[in-house]
Structures are given as C-alpha cells and as structure tokens.
Amino acid sequence: MVSSATPPPSRPRSRRPLAAAALCGIGLVATALTAGPAAAGASAAAPTAAAPASVAAATPVADGVLMSYVVNSKANPGQTRLAERAVRDAGGTVVQSWPQIGVVVAHATTASFREDVVAVAKGHAVESVGATRTAAVKTPDDAAPQARSLARSTETRSAFEIRQGVTETEAVAADPLEAQQWDMTQIKADVASDGSRDVTVGVLDSGIDDTHPDLAPNLDAKNSVGCTSYGVPDTSRAAWIPTTSDHGTHVAGTIAAAKNGVGIVGVAPNSLMTSIKVVDDDGFIYPEYAICGFVWAAEHGVDVTNNSYYVDPWMFWCSNDPDQAAAKEAVRRAVAYSERNGVVSAAAAGNSNYDLANKTTDTTSPNDTTPVTRPINAECEDIPAELPGVVTVASNDQAGAKSSFSNYGDGVIDVTAPGTRILSTVLRGGYGLKSGTSMASPHVAGVLALLKASHPDASPSELAALVRAQADDKPCPTDVRCTGTAAYNGFFGDGLVDALDATAGS
C-alpha cells in the first residue's frame, strides 16, 4: 500500500469535453479544438449556489415514441429482478440489466412510463426512474443509413466532433515524431519509466483503430467492447473500432502509443489498452453507454479509465429534475462500482472556458433535441468529471498557461496536463494535432498507469491522491478568475502532472 504520500485535502468534486477531428486524408490528419461553446461569459456572472436551479422541462414525450430509461433499484439481484418485473408490468422492455449496481435500462413507448413503473412497484424495489435522453431512440433501421453515409466520406466529421468545435489545421508527416512531442517533455514522460504490461487502461471513447502501427502492439482486443447498442455490451470487433471519429484513436496514442521506432511514444508505452466504445455513430454518449463502459472496465481487468467526454444530452445533470437525477445516479453507481473493483478514472474538465465552481447558466442542453437557456447551480453536475473519486483534468499549453478553452474552478480541478496542439495517432496510420481537455486527460490517465505500475497495491483513491501530490505546483497568473495558491488553485488544481515522480524508485 502507498505510505509515502499524504493525500491532499478533500475538496468538492466537479468538466465538458473535448476535441475530435475530421479525417482529412489517408495517413495525414491534423485538427485543433477552438474555444468551446459560448458559455465562456457565464463565469463572470454572480454565483447562484444558494438558489435552486430552475430546470426547463424537456419537450413532452408523446405516446408511441420509443424512449430509453434507467430504473434504479437497490443494488442486489433480488431487487433488480423486481425492478425488471415492474418495467415489464408497466409496458416497457428490459434492454440491459446490471444487478451489480441495481440499474435496469429499459425502453418504452408510453409517455407515462416513469410514473407507471413507480406505481406498479408500489414503493418496493424501484428508487428512481428517468429518461436518458430527450430524443427518440433510433432503431437499427433508423441508424444504419446515417452510419453508412458518414462512413463513406473521409471528409465528413461526426456529430460528436462538430459539437466539440473542432477545426482543421496543418497536416503532420508520418515519420518518427518524438521530437515534436513537447507535451511528453513538459510532464517528464520522456525520461520516466515505460510502465508495465500488467496495467491496462480502458479508453472510453469513440473506438481505437486496431490497425494503427503505434497502437496495435498495446491493444487488448479480447477485452474490448462496444456499448453503443442501447448500452448492451458487444465484443465483436465491429462494435469497438472507430466508425466516424478518430477522437478515441488520438486519445489512445497519448496514453500508450508503443515505443517501437514508429511515429510517437505514449506516456505509458508498456501499458495495455482496451477499446471501450461509448460514442455512437451520431456522436452521442448517453448514460446507458457510459454505465456499460464503467461496469465493463470493473469486470475485465481495467486499472485506469480515461473519459474525454461528458454524458449527453445535458452538459450539466441537475438533481431537482427527476429524469436527470435518476440518470446521474445510475452513472454514479457505475463509476463507484468500477472504483470498488480497483479502477481509477481520469476525466476531461471541458472546453467552455467555464467556471465550474460558480455555475450560473447552461445554453447548450439538451443537445439531442432543442437546447434551452436554463439557470443552473452547484446541484447541476458535469458527469463523469464531477462525480466522486474521478480525477478532473484541466488543460495547459506549451508555455504552461491555462488553455484558452479549458474549464476551471476552485475546488473542482484536480490537476492540469498539456492539451493544446497535441500530436498523436489518428485513423489510417496517421498522426495529427488536436486541442482540448480531451487531450489533457489521457496524459493523466497515462501517469496513473505509471503510478499503478510502480505502486501495484495502491487503491484507486490512493492513486488519485498520488497523482495530485506528485504534481508540480503552478501558481495563478495575473487573472482575477484564478483563485488559490501555488499549491492549489482553480486553474491548475494541484499542478502539472509529473510522470518522472510517478515512476521514481520503480
């Protein structure tokens, strides 16, 4: 067990994703994330934490429209079976059941399904029920035409990438590129040890290209999975490779691109990776996808997960809305279950230049139908980044300054890592530049993998404490938005992650 580091003081937990990119040509791809959605100005508004968040109601669901729900019961098989029965008695269909955490994913076409399940359960077994989206569920017949259309053109960006504000930049040639990896030098990964084959990082994202020469040596295909078919795990290769987005492939390269004389080198090049695809072909990460991903990681040998996304369709999930509260609880249970099973998770803080410690307004949600402007407060959380136990990661640039797009927040950000113009792997054996907290988080996941290799008996909470304790202090710049000390502040958290310290003595 770890005894050499004293955990930093606990703070309130609290992100929005991410970068992704257009595929511009075979072997040569480059993209960059601009500043995120227009929520940046919200950080200057007066905090409203003392007032309840007023959540605008989603568009009413009509009878006959197929919708997806989570039903939360007590976390034991007997209670979950009773919840399944309540779903069926209320006219719904059980799509996936997770008795480990007391969560049932259900589909139904009745507008009153949530109330019907509660009524049928008569106060037993069912604790909460909530819709996981505001748009109708697509059937395979609905989804196939768009998936084929997007896959046909290498010039077409996925909806996921478009939502992240991605723009194209210069191409990067595909020859040995370590000299261009300023990010690895900044966090001292270039002089740290390479980690261990006994450590596996689960990449919850849009899939990993298993044919890329820098990724194939470290990809654990047998434990990879797709979760985008209604949240039901699918281990077929087609379910976990990328279809429309190279976002997950870029993230994977930063974590553990092999040290093989080809292209780049990741933070932890001896680690294994599993592809856990949670981004569907329309670019959404619904709660049931994330739940599937975290439970899978918990049960298939994953030590670290990287989460460069926020769960759709709400940028912030508010506890006083019954649908949002139930879905947030279901995801929380999945994250907690993974932690109990030895998994430590890093998540991107988000790209809206938003003060997560002083939430005021959300103008971008729900993003699967029609967004509304709604006041929000501390009871509204970005998930998974603001869930307990998750290491929340901000982004900095090559000069060490806060990336212009990076979210921030005193008591929210844990650490910072490079996230501006990061060189990594993309589809068809290529390499490209991307920016975003999406690119910062995998650096931290890589350092957590190094820590797990050097402290194999450490628990997830101990690893999270170590990555913070070993980070290099970064004081606030001259910016009134940054509050705190050099040891801890709202821009950089406990500081810049340090890969060399993570492997010292290993």
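Figured I'd write up the structure that's included with this text. Please read all numbers here as calculations on a predicted model, not as lab measurements.

### Quick word on the side chain of Asn-367
- Among the secondary structure elements, Asn-367 is positioned in the loop between strand E14 (361-365) and strand E15 (372-375).
- A distance of 3.0 Å separates polar atoms of two side chains, one belonging to Asn-367 and the other to Tyr-310.

### Notes on the state of the cysteines
- Within this structure, the stated rule accounts for three disulfides.
- Between the sulfur of Cys-318 and that of Cys-380 lies a disulfide, 2.0 Å long from S to S. Taking the sign of the S-S torsion, 110° for the link of Cys-318 and Cys-380, the bridge is right-handed. You can see Cys-318 sitting in strand E12 (residues 317-318) and its partner Cys-380 sitting in strand E16 (residues 380-381), a full 62 residues away along the chain. Summarising the burial analysis for this pair, Cys-318 and Cys-380 share the class buried.
- Through a disulfide, Cys-476 is tied to Cys-482; the S-S separation comes to 2.0 Å.

### Considering helix H7 (residues 247-256)
- Burial within H7 is extensive, with ten of its ten residues counted as buried.
- Regarding H7, the residues found buried are His-247, Gly-248, Thr-249, His-250, Val-251, Ala-252, Gly-253, Thr-254, Ile-255 and Ala-256.

### Looking at empty space enclosed by the protein
- The calculated volume of the second largest cavity comes to roughly 40 Å³.
- As for the second largest cavity, its lining consists of Val-335, Glu-339, Val-343, Val-344, Ser-345, Pro-388, Gly-389, Val-390 and Pro-460.
- For the lining of the second largest cavity, the elements supplying multiple residues, two or more each, are helix H9 (322-340) and strand E13 (344-348).
- A per-class count over the lining of the second largest cavity returns six nonpolar, two polar and one charged.

### Section: the pattern of salt bridges
- Taken as a whole, this structure holds 20 salt bridges when the rule is applied.
- The salt bridge partner of Arg-237 is Asp-210, with a shortest N-O separation of 2.7 Å. Of this pair, Arg-237 sits in helix H6 (residues 237-240) while Asp-210 sits in the loop between strand E7 (200-205) and strand E8 (225-229); the two residues are 27 residues apart in sequence, bridging distant segments of the chain.
- A cluster of three or more residues bridged by salt bridges with shared partners is formed by Glu-127, Glu-329, Arg-332 and Arg-333.

### So, the pairing of strand E20 (residues 430-434)
- Within E20, five of the five residues are buried, which leaves it mostly tucked inside the rest of the structure.
- Judged by which residues are buried, E20 turns out to be covered on both faces: Gly-430, Gly-432 and Lys-434 on one side and Tyr-431 and Leu-433 on the other are all buried.
- Bridge count between strand E19 (residues 422-426) and E20: five bridges; the pairing is antiparallel. Among the inter-strand pairings, Thr-425 is bridged to a residue of E20, identified as Tyr-431.

The rules behind each value
- Sequence order as written defines residue numbering, which begins from 1 separately in each chain.
- Given that this is a predicted model, residues contribute local features only at a pLDDT of at least 70 and side-chain atom pairs are listed and counted only at 80 or more, while totals for whole chains, interfaces and linings are drawn from all residues.
- With hydrogens and water excluded, all non-hydrogen atoms of the structure serve as input to the side-chain values.
- What counts as a helix is a DSSP run of H or I of at least four residues, what counts as a strand is a run of E of at least two, and both are numbered from the N terminus.
- N or O atoms within 3.5 Å of each other form a polar contact, as long as, within protein, one can give a hydrogen and the other can take it, and as long as residues adjacent in sequence are counted only when both atoms are side-chain atoms.
- To count as a disulfide, a pair of cysteine sulfur atoms needs to be within 2.5 Å.
- Under the scheme applied here, a residue whose accessible area is under 20% of the maximum for its type counts as buried, over 50% as exposed, and between as partly exposed, the area being computed with a 1.4 Å probe on protein chains only.
- The way it works is a 1 Å grid over only the protein atoms, where trapped points that fit a 1.4 Å probe form a cavity and open points with protein on both sides within 12 Å along at least five of seven lines form a pocket, and then any residue with an atom within 4 Å of a point lines it.
- Grid points are joined across faces, edges and corners, and a volume is the space filled by probe spheres set on the points.
- Residues are grouped as follows: nonpolar covers Ala, Val, Leu, Ile, Met, Phe, Trp, Tyr, Cys and Pro; charged covers Asp, Glu, Lys and Arg; every other residue, Gly included, is treated as polar.
- Salt bridges are counted wherever a side-chain nitrogen of Lys or Arg sits within 4 Å of a carboxyl oxygen of Asp or Glu.
- Here the rule is simple: two strands pair whenever DSSP picks up at least two bridges between them.

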